[in-house]
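Structural overview for review
So you can see what is in the structure, the chains are spelled out below.
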Amino acid sequence: MRYGMVIDTLKCVGCTDCVVACQTENNVPLGYARDWVSEAVIGTYPELHLEIRTERCNHCDDTPCVRTCPTGASHVIEGGIVKVTPNECIGCAACIESCPYDARFVHPEGYVDKCTFCDHRVANGQDPACVSVCPTYCMHFGDLDDPNSEVSKLLSTRQSKVLAPEAGTKPQIFYLI
Amino acid sequence: MEEIITSGRNIPHIDPILDIWGLPISLYLFLGGLAAGITIFASVVTILKREQQYSTAVKIAPIITPIALAVGLFFLLIDLHHILYAWQLFTTIRLESPMSWGAWTLLVITPLSIVWVAMYLKDILPTFDFSGCCSGILKLLFVENNSDEKLNWEWKYSFLVDFEKFMLDNKRVFAWIMLVLGIVVGVYTGILLSAFNARPLWNTEILGPLFLVSGLSTGAAAIMWLSNDHNEIKMFSKIDLFLILIELFLIVHMMMGFVAGPEIKAYAAGFFLGGEFTAVFWVLFVGLGLVIPLLLETMELIGRKIPIGIVAFLILAGGLLFRIIMVDAGQVIRYLY
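Residues numbered from 1 in each chain as written. Chains lettered and ligands numbered in written order. Predicted model: local features only at pLDDT ≥ 70, side-chain atom pairs only at ≥ 80, totals over all residues. Heavy atoms only, no water.

**Overview of the overall build of chain A**
- Within chain A, the regular secondary structure consists of six helices and ten strands.
- Computed over C-alpha atoms, the radius of gyration of chain A comes to 16 Å, within 12% of the 16 Å expected from 2.2 N^0.38 for 177 residues, which places it in the range of a compact globule.
- Seen along its three principal axes, the alpha-carbon backbone of chain A occupies a region of about 50 × 40 × 35 Å.
- Within chain A, the fraction of its 177 residues that count as buried is 62%.
- Sequence-distant contacts, at least 24 apart, represent 56% of the contacts inside chain A between residues at least 6 apart. (Helix = DSSP H or I, 4+ residues; strand = E, 2+ residues; numbered from the N terminus. Rg over C-alpha atoms; globule rule 2.2 N^0.38 Å. Buried < 20%, exposed > 50% of the residue type's maximum accessible area, 1.4 Å probe, protein only. Contact = heavy atoms within 4.5 Å.)

See the structure below:
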């Protein structure tokens with residue numbers, strides 16, 4: 001079992017519904033967000049290429065945030081989902097420094113907060129909130145270890161990339177290009 | 001050319017530039033390095049049995065150590081966001097996390113550095129005038145003894161007398177322990193940063209040795225400043241000269257590694273070789289904090305009279321500035337994707 005996400009950058013229109021869905025589902029405090037949308041413009045006029053993609057914690061296989069955590073508050077649960085236990089977190093921000101995706105932030109209550117892949121929804125067989133509301137169906141969630149899952153089939157038929165592979169974290173969110 | 005706009009993030013508390021670690025961390029790294037430097041010198045002088053020759057390094061300068069560590073730990077503590085849970089640090093030892101074993105080392109070295117000061121307190125107290133406020137506090141632990149013409153301070157309680165005798169009898173063993181702990185703290189301040197592979201500027205093996213050498217240099221500067229003995233000043237001036245040369249070598253070495261490295265490292269080097277940190281790094285830190293003290297110490301060695309306070313101040317200010325720049329720049333320079 002290895003949960004992962006496949007996001008189609010050719011379908012994403014950058015509506016930020018995923019951001020709002022996450023904030024609502026997870027009671028993210030006002031002014032903070034666990035996911036966001038990046039628009040990358042590549043090239044010089046008139047040869048321009050626009051890539052829109054929704055980003056969040058990559059739930060990496062090789063997790064620098066878990067490695068540098070001094071108390072063990074950052075940990076990996078079944079399916080490779082990276083989570084933080086608020087009562088063990090001292091708010092030292094070492095995990096924030098160790099994340100090449102800047103996916104973590106300090107919750108106003110003091111502990112470090114981040115995307116959980118909506119593990120409370122996944123446990124009931126539902127998709128994460130961001131995936132379930134996407135109006136263009138550009139996001140897909142599933143088991144990367146299962147060759148018959150939707151995400152595995154997309155990865156085997158389409159070209160994909162991950163963000164900052166050179167950081168060596170083996171991210172598990174794939175972008176179709 | 002690539003331009004990235006992050007929208008859907010019209011979110012005030014999510015900053016496009018990371019600045020989660022600020023001045024408290026820089027100050028802590030500086031004070032930790034200073035404490036480590038002084039501890040290492042005091043231990044080495046004790047191990048080499050030169051306490052009489054270099055008494056400031058062994059007896060006076062170590063007074064700074066517990067103060068620097070306590071102030072540094074205070075800064076570290078106020079930088080925690082979930083401060084009431086700080087005790088969670090000491091429920092586990094995680095060798096993979098530098099912050100974890102660093103916290104444990106500091107827990108050991110801070111009380112031991114107070115013991116070190118207490119060992120020589122009887123020797124150094126008569127050199128100060130306590131007619132003012134402090135004598136009341138000292139009388140909780142000491143009795144004044146005016147028997148042999150000059151004012152002496154004796155421990156008030158017999159177990160303290162016994163403990164002092166035990167420590168002084170075993171001071172070389174103690175010095176070896178403090179030497180190891182001092183090196184761990186000195187290296188730890190650098191490794192704390194270099195463990196983060198997400199921050200290309202910090203993620204270099206040179207940072208551990210560089211912070212250790214810089215810490216030693218600030219330690220030597222503090223000893224020079226406090227000492228009244230001409231031979232001791234000259235000796236530590238010589239040591240410091242050597243340390244500054246190593247530091248310069250490591251800095252050039254680090255920059256060469258960056259320039260010759262992968263794209264992201266070259267990008268990091270660009271911030272120091274033409275980018276926004278160029279002037280502050282090369283003029284203020286390398287120029288005023290390393291090269292000028294280097295020249296002044298060389299002039300001192302060939303016999304010119306140099307006010308040692310200026311040299312020491314420049315080295316200490318340079319050491320602090322170096323850590324402020326590294327903490328700040330490290331968070332500006334990130335992976336591009």
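On we go.
**Description of the sheet that holds strand 9 (residues 160–161) of chain A**
Residues and elements named next belong to chain A.
- One open sheet accounts for four strands, arranged 8-1-10-9; its pairing is mixed. Each edge of the sheet is formed by a strand with only one pairing partner; in this case those strands are strand 8 (139–143) and strand 9.
- By the bridge criterion, four bridges tie strand 1 (residues 3–8) to strand 10 (residues 173–176) in an arrangement that is parallel. Paired with Asp 8 across the strands is Leu 176, a residue of strand 10.
- Strand contacts of helix 6 (residues 150–157): strand 1, strand 8, strand 9 and strand 10, with the helix running at about 115° to strand 8, the strand carrying the most contacts. (Pairing = 2+ DSSP bridges. Axes fitted to C-alpha atoms, helices over the stretch in contact; angles between N-to-C directions.)

**What about the packing of aromatic side chains?**
- In this structure the tally under the stated criterion is 22 aromatic pairs over all chains.
- Joined through ring pairs, the aromatic side chains of B:Phe211, B:Tyr267, B:Phe271, B:Phe272, B:Phe277, B:Phe281, B:Trp282, B:Phe285 and B:Phe322 make up one cluster. (Phe/Tyr/Trp six-rings, centres within 6.5 Å; stacked < 30°, edge-to-face > 60°.)

**Points about unusual backbone geometry**
All names here are of chain A.
- Cis geometry is found at the peptide bond from Tyr 45 to Pro 46, where omega equals 5°.
- Structurally, the position occupied by Pro 46 is in the loop between strand 2 (36–44) and strand 3 (47–55).
- The residue Thr 16 is not glycine, and still its phi comes out positive at about 65°.
- Relative to the assigned elements, Thr 16 resides in the loop between strand 1 and helix 1 (17–25).
- For Lys 170, which is not glycine, the phi dihedral falls at a positive 50°.
- The residue Lys 170 is located in the loop between strand 9 and strand 10 in this model.
- Residue Lys 170 is classed as exposed on the basis of its relative accessible area of 51%.

**Concerning the interface of chain A and chain B**
- Counting residues at the interface gives 50 residues for chain A, matched by 42 residues for chain B.
- Taken together, the two surfaces of chain A and chain B that pack against each other cover about 4,000 Å², and 55% of this comes from carbon and sulfur.
- The largest share of the area that chain A buries against chain B comes from A:Arg67, A:Ile90 and A:Glu97, three residues that together contribute 19% of it.
- For the pair chain A and chain B, the interface holds three salt bridges.
- For B:Arg199, the salt bridge goes to A:Glu97, with nearest N and O atoms at 3.7 Å.
- For the pair chain A and chain B, the interface holds 16 residue pairs in polar contact (both at pLDDT 80 or more).
- At the level of elements, strand 2, strand 3, helix 2 (64–68), helix 3 (94–98) and strand 6 (105–106) of chain A are the ones that each hand at least two residues to the side of chain A that touches chain B. (Buried area = accessible area lost by both parts, 1.4 Å probe. Salt bridge = Lys/Arg side-chain N within 4 Å of Asp/Glu carboxyl O. Polar contact = N/O pair within 3.5 Å; in protein donor to acceptor, adjacent residues only side chain to side chain.)

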